[in-house]
Structure formats: C-alpha cells, structure tokens
Amino acid sequence: DHAYDPLLGVEQMLKVVKFGRPVLLQHSVNEGQKNVYAGMHQWNFEVQDGRFIIWRPADEKRAIVAERMDVVSHLDAKGLIAVDGIEFRYMNDPYGKPGWVELVLWRRATL
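Every value quoted in this text rests on a predicted model; they were computed, and no experiment measured them. (Residues numbered from 1 in each chain as written. Predicted model: local features only at pLDDT ≥ 70, side-chain atom pairs only at ≥ 80, totals over all residues. Heavy atoms only, no water.)

A. Just the side chain of Glu 46, in detail. As for its position among the elements, Glu 46 is in strand β2 (residues 44-48). Salt bridges are absent for the buried Glu 46, whose nearest opposite-charge side chain, Arg 68, sits at 6.9 Å. The contact partners of Glu 46, leaving out residues within four places of it in the chain, are Val 29, Asn 30, Arg 51, Phe 52, Ile 53 and Trp 55. (Helix = DSSP H or I, 4+ residues; strand = E, 2+ residues; numbered from the N terminus. Buried < 20%, exposed > 50% of the residue type's maximum accessible area, 1.4 Å probe, protein only. Lys, Arg positive; Asp, Glu negative; His and termini not counted. Salt bridge = Lys/Arg side-chain N within 4 Å of Asp/Glu carboxyl O. Contact = heavy atoms within 4.5 Å.)

B. The arrangement of the pattern of salt bridges in detail. Scanning the model with the defined rule gives six salt bridges in all. One salt bridge in this structure joins Asp 70 and Arg 51, with 3.1 Å as the shortest N-O distance. Of this pair, Asp 70 sits in strand β4 (residues 67-70) while Arg 51 is found in strand β3 (residues 51-56), placing the two residues 19 residues apart along the sequence. On the accessibility criterion, Asp 70 (23% relative accessible area) is partly exposed. A relative accessible area of 31% places Arg 51 in the partly exposed class. Among the ionic pairs, Arg 56 bridges to Glu 67, the shortest N-O distance being 2.9 Å. One end of the pair, Arg 56, is in strand β3; the other, Glu 67, is in strand β4, and eleven residues separate them in sequence. Linked by salt bridges that have partners in common, Glu 11, Lys 15 and Lys 78 make up one network.

C. Structural context of the nonpolar core. Within the largest apolar cluster, 22 residues are counted, with the highest numbers of intra-cluster contacts made by Phe 52, Leu 75 and Leu 105. Contributions of two or more residues to this core are made by α1 (6-16), β1 (22-28), β2, β3, α3 (71-77), β5 (81-92) and β6 (98-107). Residue contacts for Phe 52: discarding those within four places in its chain leaves Leu 25, Phe 45, Glu 46, Met 69, Asp 70, Val 71, Val 72, Ile 86 and Leu 103. (Core = buried A, V, L, I, M, F, W, Y, C linked by side-chain atoms within 4.5 Å.)

D. Structural context of the sheet that holds β5. Ordered by their spatial adjacency, three strands build an open sheet running β1-β6-β5, and the pairing between neighbours is antiparallel. Whereas interior strands pair on both sides, the edge strands pair on one side only; in this sheet they are β1 and β5. Ignoring which end each strand starts from, the neighbouring axes of this sheet average 20 degrees apart. Relative to β6, β1 runs antiparallel, the two sharing seven bridges. Paired with Leu 25 across the bridge in β6 is Leu 103. In this fold α1 packs onto β1 and β6, with an angle of close to 45 degrees to the strand it touches most, β6. (Pairing = 2+ DSSP bridges. Axes fitted to C-alpha atoms, helices over the stretch in contact; angles between N-to-C directions.)

E. A look at α1. Within α1 the residues assigned to the buried category are Pro 6, Leu 7, Val 10, Glu 11 and Leu 14. Buried residues of α1, viewed axially, fall in a sector of 145 degrees; they line one side. Against β1, β2, β3, β4, α3 and β6 lie the buried residues of α1. (Arc of directions from axis to C-beta.)

Okay, here's the thing in structure tokens:
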C-alpha cells in the first residue's frame, strides 16, 4: 500500500520471476482505509469474490481520483499469470491478530 502505482509493482515482480514460479504477497487488508490514507498508506488490498482487488477512494482535497483495479484480470490480459494462477488465504499478522491476506501469484510457465 506504500507504492505510487501498486499494480505496476506487482506486474514488474511477475516479469522478473522465472516462468512457472510464484510471487508471494502478504498484506494487511485495506491498510489505507485503516490509516485514513495518512502518510504512505494510500491503497487498499483485498480479495473480493475470489478476485485480488487494489483500490482507493477519491480525495478532492488532494486531487486523487477513485481507482479500483482487478489485479488478476490485468495480469491475465498482459499474459503474465497462469490460468487459475492465484491462491489466497486469510491469515494473522505477525502479532497474531487477524486481518491479513496472503496471495500467491503464479507466473505463466511459458510465453
């Protein structure tokens, strides 16, 4: 949630990982919302209906438009993710509190 363009960051991770190998992401669910978009917490990461979604609301004061990105659809359109190339599970944070999600994105095995 600290990235200027988190979708591009995920895309670049998949571009550098070997074919057929995974990228592992662990995130606090909706961290931006929890922190009222203060400091570097500008984005929310969550799973909705089995889809990995990155989103943020509009903020007129800071000239930010609302965005909602379906990460898997984007990566599939770019040819970066395998068919059924996402696994996720909800998990606890390092201190044992719930509210985190772990995502495994599998890079396509071939071009």
